[in-house]
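# A look at the structure
The residues making up each chain are set out below.
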Amino acid sequence: MGKNEFIYLSQEDVLATNVSMERVLEIIESVLSLHDSNEVILPSKVILDMGEKERGRINAMPAYLGGKFEICGMKWIAGFPKNPAKYGIPRAHALTILNDAETGVPLAVMDGTYISAMRTGAVTGVGAKYLANPDSEVLGIIGCGVQAKTQIMGLMAAIPSIKALKGYDIQTPAAEKFLAWASETFGLKCEVARSPRQAVEGSDIVVTVTVADKPIVKDSWLKKGCMLAHIGSYQEEEEAVIFNADKVVVDIWEEVLHRGTPLLAKLFKAGKIGEDRIHANIGAIINGKKKGRENREEKIFYSPLGLGSEDIGVASLVYSEAREKGLGVSLKLWENYCF
């Protein structure tokens, strides 16, 4: 049996593929559509919890994609919250592995950190396409860290009418740096919000991307017709936000429950809401089985968990582009099979 090789893509290689957010949006929309069509195999993520807030955790997120993809793989992502302050390195690090879906042969091992950030921003963008008013102009964001950049990228690709951005972070310099980048990159009118309320009030789209586990957003701050995207892992809004939303939309409800930490899961397990509070998985809206936004006045709460299938979909695009451009290093798995 002949040798087997796969390619290794560093973060620099992944960036060199120049995969645009517009293409990532297309991939994520296709993946979420396939979920609704039952063409995805997605085991629940395995969490290696070493003290999620005190030390860190690593998630294993495998998936198979059918349809036009026909590929499988896994994201292995670590999140250690003390890294930036204590070690001067990013909070999150990820590797993504791709395998041929017919033979199981490894195709690629690549840095998954950038892919993870891009797909997270694209998931919000896809949600906004179906759930936000299409002429939304004012965006409020709470949490101005690394993920905030791809959130803006995804939203600008989906809702190009956005003209103004208000950003709040508990670290004001982080907000200032992020907003300067957003102003230069997208030409947005940017304002540093001095409180969460200032970021939320008057915004057509609100995004929370924090590690908070106590309510930040109050229902009374949300204007009629807004979309609130909850991107953090825990509780970023008071319960009334969910109780009073006209629609509640998730990516995969079963996976939200499996994770257990988002407010939606906590309310369900406490018996405060039932499954009827969940309007739809976003894939059902993409496929036309459920309605997205139906009028300008609806307040819509969107709470995607983030799925390994999304990472595999984006990684497959990166792999294809890398092969076409000759990027990466070929590594040998075996020269002559030993059995």
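Before going into details, it helps to say that this report is about the structure given with it. (Residues numbered from 1 in each chain as written. Predicted model: local features only at pLDDT ≥ 70, side-chain atom pairs only at ≥ 80, totals over all residues. Heavy atoms only, no water.)

## Overview of the overall build of the chain
Short version of the rule: Each helix is a run of DSSP H or I of at least 4 residues and each strand a run of E of at least 2, with the numbering of both proceeding from the N terminus. What the globule rule says is 2.2 Å times the number of residues to the power 0.38, and the radius of gyration is computed from C-alpha atoms. Note on classification: 1.4 Å probe, protein chains only; a residue is buried when its accessible area is under 20% of the maximum for its type, exposed when over 50%, partly exposed between these limits.
For the chain, the count of helices and strands is 12 helices and 16 strands. Against the compact-globule benchmark of 20 Å for 339 residues, the chain has a radius of gyration of 20 Å, which places it among compact chains. Principal-axis analysis of the C-alpha atoms places the extent of the chain at approximately 65 × 40 × 40 Å. Counting only residues that meet the buried cut, the chain has 54% of its 339 residues in that class.

## Points about the sheet that holds strand β8 (residues 138-142)
Let me state the cut-off plainly: When DSSP finds two or more bridges between a pair of strands, those strands are recorded as paired. Here, residues are in contact when the closest pair of their heavy atoms is within 4.5 Å. Between the N-to-C directions of two axes lies an angle of 0 to 180 degrees, each axis being a line fitted to C-alpha atoms and, for a helix, fitted only over the stretch in contact.
An order of β10-β9-β8-β11-β12-β15-β13-β14 is seen for the eight strands of this open sheet, with the pairing classed as parallel. Of all the strands in the sheet, just β10 (189-192) and β14 (280-281) have a single pairing partner and so form its edges. Pairing geometry for strand β13 (residues 247-250) and strand β15 (residues 300-303), over four bridges, is parallel. In the sheet register, V250 faces β15, and the bridge partner there is S303. Packed on one face of the sheet, helix α6 (residues 172-186) meets β8, β9 (164-168) and β10 and runs near 180° to β10.

## Some remarks on helix α12 (residues 308-325)
Quick note on the threshold: What a helix is expected to span follows from its residue count: subtract one and scale by 1.5 Å.
When the terminal C-alpha atoms of α12 are compared, their 26 Å separation across 18 residues agrees well with the 26 Å that a helix rising 1.5 Å per residue should span. Most of α12 is tucked away: 14 of the 18 residues are buried. G326 sits one or two residues past α12 and shows a positive phi near 70°.

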